[in-house]
Each structure stands twice: as C-alpha cells, then as structure tokens.
Amino acid sequence: MQSDLASLRDLVSQFADERDWDKFHTPKNLATALSVEASELLEPFQWLTSGDKSELDEGKQTAIRHEMADVLLYLVRLADKLDVDLYQACLEKMDVNRTKYPAEKVWGDSRKYSDYQD
C-alpha cells in the first residue's frame, strides 16, 4: 500500500504535468514558493493577541487550513524533485532533535539547545 505522502506526491506531480508546469518546478523556485506560502500562513494571525484558536473565526481558520495545505504541497513537490523521502527525513530529524533536546534537560523550557549550559 502506498503511503499518504507518496499518494500526495503523485497527485501533485500529475497536477503539474497536466498543466505543463514541471519546467517551472525547479528546486529553487519551489523553495521560494514554499517560503512565500509559509509567510502567507502568518497573515491570519497578524494583530491577534495570542493567536490561540479561540481568536480565529471561521474565515481565518479556513485561510489557515488552505495556507497549510499550500505549504505542504510545495514541500512535497520539492521533496519529489530532490528525491527526498519526507517520512524518513522526519524520522531522522526527530532523532537529531531528541539528542539536541533531551526531555529530562529541557522539560518546560523553550530555549534553543545552544542556550543550555551543561
């Protein structure tokens, strides 16, 4: 059975192929588009007090959901172009994060790993 990420990759690839957009989907262009979409994800949160879900009306929640989808779609497309298995990359990065942020050392503390003293 194909993974959800692989199915999404194939769907996005087909979408681009049907529009002859593959020629525009260079890693640089996709990374740029991903950055733009991630920035657009911030817009519904602008000027909110905390950004908590209770401050988000239905329209803002829809906008956030759509921007999150755009971010994921560009990321999946970029991973496809660079032959990156996103699922495996996430597992690898979680191992790195576990090493950088051991639970017993960082419990309840949001500082960056480089700000901790041994």
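This is a predicted model, so every value here is computed, not measured.

Calculation notes
- Residues numbered from 1 in each chain as written.
- Predicted model: local features only at pLDDT ≥ 70, side-chain atom pairs only at ≥ 80, totals over all residues.
- Heavy atoms only, no water.
- Helix = DSSP H or I, 4+ residues; strand = E, 2+ residues; numbered from the N terminus.
- Rg over C-alpha atoms; globule rule 2.2 N^0.38 Å.
- Buried < 20%, exposed > 50% of the residue type's maximum accessible area, 1.4 Å probe, protein only.
- Areas by Shrake-Rupley, 256 points an atom, 1.4 Å probe, with all protein chains shown as cover.
- Lys, Arg positive; Asp, Glu negative; His and termini not counted.
- Charge placed at Lys NZ, Arg CZ, Asp CG, Glu CD.
- Expected span 1.5 Å × (residues − 1).
- Contact = heavy atoms within 4.5 Å.
- Polar contact = N/O pair within 3.5 Å; in protein donor to acceptor, adjacent residues only side chain to side chain.
- Patch = residues over 30% accessible without salt bridge, like charges linked within 9 Å, V, L, I, M, F, W, Y side chains within 5 Å.
- Salt bridge = Lys/Arg side-chain N within 4 Å of Asp/Glu carboxyl O.
- Phe/Tyr/Trp six-rings, centres within 6.5 Å; stacked < 30°, edge-to-face > 60°.

Peer 1: Quick question: what am I supposed to make of the overall build of the chain here?
Peer 2: Scanning the chain for helices and strands turns up five helices and zero strands. Taken over C-alpha atoms, the radius of gyration comes to 18 Å for the chain, far larger than the 13 Å a tight globule of 118 residues would show. Taking the principal axes of its C-alpha atoms as reference, the chain extends roughly 55 × 35 × 30 Å. Counting every position in the chain, which comprises 118 residues, the buried fraction comes to 19%. Accessible surface computed for the chain: about 9,200 Å², of which carbon and sulfur atoms make up 55%. Averaging the coordinates of the 15 positive side-chain charges in the chain and doing the same for the 24 negative ones gives two points 3 Å apart.

Peer 1: What's the story with helix α3 (residues 58-81) in this structure? I'm lost.
Peer 2: Working note: α-helix, 3.6 residues per turn, so residues spaced by three or four point in the same direction. With 24 residues, α3 ought to run about 34 Å at 1.5 Å a step, and its terminal C-alpha atoms sit 35 Å apart, in line with that. Turning to α3, its buried residues number three or more, namely I64, E67, V71, V76, R77, L78 and A79. In this structure, the buried side of α3 is in contact with α1 (4-18), α2 (27-42) and α4 (86-100). Between the side-chain oxygen of the N-cap and the backbone nitrogen of G59 there are 3.1 Å, and the N-cap of α3 in question is D57.

Peer 1: Honestly, a nonpolar patch on the surface in this entry has me stumped. Any pointers?
Peer 2: A cluster of nonpolar side chains, L5, L72, L75, Y87 and L91, forms an exposed patch at the surface whose accessible area comes to about 410 Å². Counting residues per element, the ones that place at least two in the nonpolar patch are α3 and α4. Relative to the assigned elements, L75 resides in helix α3. According to the relative accessible area criterion, L75 is partly exposed, its value standing at 32%.

Peer 1: Explain the packing of aromatic side chains here, please?
Peer 2: Centre-to-centre distance and the angle between the planes together describe a pair of aromatic rings. Across all of its chains, the model carries one aromatic pair by this definition. The interplanar angle of 70° and the centroid separation of 5.7 Å between the aromatic rings of F15 and W21 together place this pair among those described as edge-to-face. Owing to a relative accessible area of 39%, F15 belongs among the partly exposed residues under this scheme.

Peer 1: So what exactly am I meant to see when it comes to the pattern of salt bridges here?
Peer 2: Side chains bearing opposite charge may pair, as long as their charged atoms lie close to each other. If you walk through the whole model with that rule in mind, you get eight salt bridges. Of the charged contacts in the structure, one is a salt bridge between K23 and D20, with a shortest N-O distance of 2.8 Å. For K23, a relative accessible area of 54% gives the class exposed.

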